[in-house]
Amino acid sequence: MRRALALAVLGCAALAAADERPRVLVLRSAELAAYSAVRAGFTAELSRAQVQDAVLPEGAEAAGRAVKQLAAGGPALVLAVGP
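Here's a quick rundown of the structure.

1. A few points about the overall build of the protein
Thought 1: Scanning the protein from N- to C-terminus turns up three helices and three strands.
Thought 2: Its helices and strands in sequence order give the protein the pattern α-β-α-β-α-β, from N to C terminus.
Thought 3: Counting the 83 residues in the protein, one finds 27% classified as buried.
Thought 4: Across the protein, the fraction of contacts at a sequence separation of at least 24, relative to all contacts at a separation of at least 6, is 76%.
Thought 5: Accessible surface computed for the protein: about 5,500 Å², of which carbon and sulfur atoms make up 58%.

As structure tokens, then:
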């Protein structure tokens, strides 16, 4: 987990060097305390990124539509939390 976080932070740092704030999407499958703790720890390390947080709606079709809409903006990085 720490290795993945370090790689994500380095990737965002490289993108941020281009004078643009990269958009990072934190996508959670449910509003659970454990998932929120992961989001909080992850976003605390990304001070130079624009972080968008989203919780998927229930149901495969609704979740699919939400993912398509969220991905339309072309985030530089997506952190998916949950099954």
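Past the structure itself, the notes keep going.
2. Thoughts on the sheet that holds strand β3 (residues 77-81)
Thought 1: In space, the three strands of this open sheet follow the order β2-β1-β3, with parallel pairing throughout. Edge positions in the open sheet fall to β2 (50-55) and β3, since each of these has one partner strand only. Each strand axis lies, on average, 15 degrees off the axis of its neighbour in the sheet, ignoring direction.
Thought 2: Here five bridges tie strand β1 (residues 23-28) to β3, and the two strands are oriented parallel to one another.

3. Considering the pattern of salt bridges
Thought 1: Counting across every chain of the model gives three salt bridges.
Thought 2: Between R28 and E31 there is a salt bridge whose closest N-O contact spans 3.2 Å.
Thought 3: In this structure R28 comes out as buried when scored by relative accessible area, which is 3%.
Thought 4: Accessibility expressed as a relative area gives 55% for E31, which makes it exposed.
Thought 5: The salt bridge partner of D53 is R28, with a shortest N-O separation of 2.7 Å. With D53 in strand β2 and R28 in strand β1, this pair connects stretches of sequence that are 25 residues apart.
Thought 6: A single salt-bridge network, built from bridges that share partners, covers R28, E31, R39 and D53.

4. Notes on helix α3 (residues 60-71)
Owing to its 3.6 residues per turn, the α-helix brings residues three or four apart onto one side.
Thought 1: The terminal C-alpha atoms of α3, which comprises twelve residues, lie 16 Å apart, in line with the 16 Å expected from a rise of 1.5 Å per residue.
Thought 2: Inspection of α3 places A63, A66 and L70 among the buried residues, and these make up the whole buried set. Seen end-on, α3 carries its buried residues on one side only, within an arc spanning 60 degrees. Opposite the buried face of α3, by more than 90 degrees, sit the exposed residues A60, E61, R65, K68 and Q69.
Thought 3: Its buried side turned inward, α3 meets β1 and β2.

Basis of the calculations
Residues numbered from 1 in each chain as written. Predicted model: local features only at pLDDT ≥ 70, side-chain atom pairs only at ≥ 80, totals over all residues. Heavy atoms only, no water. Helix = DSSP H or I, 4+ residues; strand = E, 2+ residues; numbered from the N terminus. Buried < 20%, exposed > 50% of the residue type's maximum accessible area, 1.4 Å probe, protein only. Contact = heavy atoms within 4.5 Å. Areas by Shrake-Rupley, 256 points an atom, 1.4 Å probe, with all protein chains shown as cover. Pairing = 2+ DSSP bridges. Axes fitted to C-alpha atoms, helices over the stretch in contact; angles between N-to-C directions. Salt bridge = Lys/Arg side-chain N within 4 Å of Asp/Glu carboxyl O. Expected span 1.5 Å × (residues − 1). Arc of directions from axis to C-beta.

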